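Next come the chains, spelled out residue by residue.
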Amino acid sequence: MRRPVIAGNWKMHKTITEAVELAGSLKQAAAGIDHADFIIAPVFTALATVAAELKGSNLKIAGQNCSDQPGGAFTGEVAPQMLLDAGCSHVILGHSERRQLFGENNDLINAKIKAALTAGLRVIFCIGETLEERETGRMYDVLSEQVTQGLAGLSEEQMDRVIVAYEPVWAIGTGKTATSDQAEEAHSFVRGLIAGQFNLQISEQLRILYGGSVKPGNVDELMARDNIDGALVGGASLNADDFIRIMNFSGAN
Ligand code: PEP
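What counts, and at which threshold
- Residues numbered from 1 in each chain as written.
- Predicted model: local features only at pLDDT ≥ 70, side-chain atom pairs only at ≥ 80, totals over all residues.
- Heavy atoms only, no water.
- UniProt positions renumbered as here; feature names shortened; annotations may be inferred.
- 1 Å grid on protein atoms, 1.4 Å probe; cavity = no way out; pocket = protein on both sides within 12 Å on 5 of 7 lines; lining within 4 Å.
- Helix = DSSP H or I, 4+ residues; strand = E, 2+ residues; numbered from the N terminus.
- Buried < 20%, exposed > 50% of the residue type's maximum accessible area, 1.4 Å probe, protein only.
- Salt bridge = Lys/Arg side-chain N within 4 Å of Asp/Glu carboxyl O.
- Near = heavy atom within 4 Å.
- Polar contact = N/O pair within 3.5 Å; in protein donor to acceptor, adjacent residues only side chain to side chain.
- Areas by Shrake-Rupley, 256 points an atom, 1.4 Å probe, with all protein chains shown as cover.

The name an unreviewed UniProt entry gives the protein chain is Triosephosphate isomerase, with Geothermobacter hydrogeniphilus as the organism. We quote the UniProt Catalytic activity (unreviewed entry) comment for the protein chain here in full: "D-glyceraldehyde 3-phosphate = dihydroxyacetone phosphate". In UniProt, the protein chain has this text filed under Subunit (unreviewed entry): "Homodimer."

Draft legend 1. How the structure looks around the UniProt feature "active site" (unreviewed entry) in the protein chain. Per the UniProt record, "active site" (unreviewed entry) is annotated on H95 and E167. A maximum C-alpha distance of 8.3 Å places the annotated residues, which cover 73 residues in sequence, within one compact spot. Lining residues of the largest pocket, restricted to the annotated ones just named, are H95. Tracing the chain through its elements places H95 in the loop between β4 (90-93) and α4 (96-101). With relative accessibility at 5%, the residue H95 sits in the buried group.

Draft legend 2. Examining the pattern of salt bridges more closely. A full pass over the atoms with the stated rule returns 14 salt bridges. With a closest N to O distance of 3.6 Å, R138 and E132 form a salt bridge. Here R138 falls in the partly exposed class, since its relative accessible area comes to 35%. Overall, E132 belongs to the exposed group, its relative accessible area being 52%. The partner of R225 in a salt bridge is D181, with the nearest N and O atoms 2.7 Å apart. Of this pair, R225 sits in the loop between α11 (219-223) and β8 (230-233) while D181 is found in helix α9 (residues 180-197), placing the two residues 44 residues apart along the sequence.

Draft legend 3. Region of interest: the site of the ligand. Around the ligand, the structure places 14 residues, and the nearest of them are K11, E167, G173, S213 and G234. In the model, an oxygen atom of the ligand is placed 2.7 Å from a nitrogen or oxygen of the G173 main chain. One of the backbone nitrogen or oxygen atoms of G235 is found 2.8 Å away from an oxygen atom of the ligand. Here the ligand has 290 Å² of accessible area as a free molecule, and 97% of this is covered by the chains.

Next up, the structure:
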């Protein structure tokens, strides 16, 4: 049995005051739900304040990115250890916005994943194909490269602290969700890749989240599929009512 994960990626939204208010509402709602792990990813500036608000709750906190370096003269960067210091247990790495807008490639993402795991964080590792890659039949090659290179050199113990998020780029922030068949097919493919790269036990234990326009109206159908172990939610995680409904999904295996 894989314990489901519902994670909210707040991207570059919310002031500290707004972030604490939303976190407070989620904390109350999460107190009564024990069927999943819950994670939210506020902006860097709000992390420590939100962590103080969530102390003692069953909501965990993630950074949205981190450096592959442990510290030093790297203006504008945040080291993995600093995320831990601010109260994070997790970090999101390899998000398609980081890949597309900030030029992050598989090698850099691999270095960041290693640095984050070495510091003691858990990693939500995002992968996903663009519409063009899907339509030109390159989806499986792209996913394969992202997984193989992104997770290269990780130990079995480190893999225990990795969650994968399959996020087809064409479904992020577009309102276009992958059908549950499309998502299940991709998740099952990724699980097979992990079995080949590591072993069957690791692949069976790995939690694979779906991300891309997850909403209250589609979460139950997605969560009912065998290989979908949770959701990484962008837009709908910014609204308390929507995210609380997603946290209360039904249909998990
Ligand atoms: C995301 O950015 O990780 C995401 C899934 O966004 P949205 O839910 O808005 O598509």
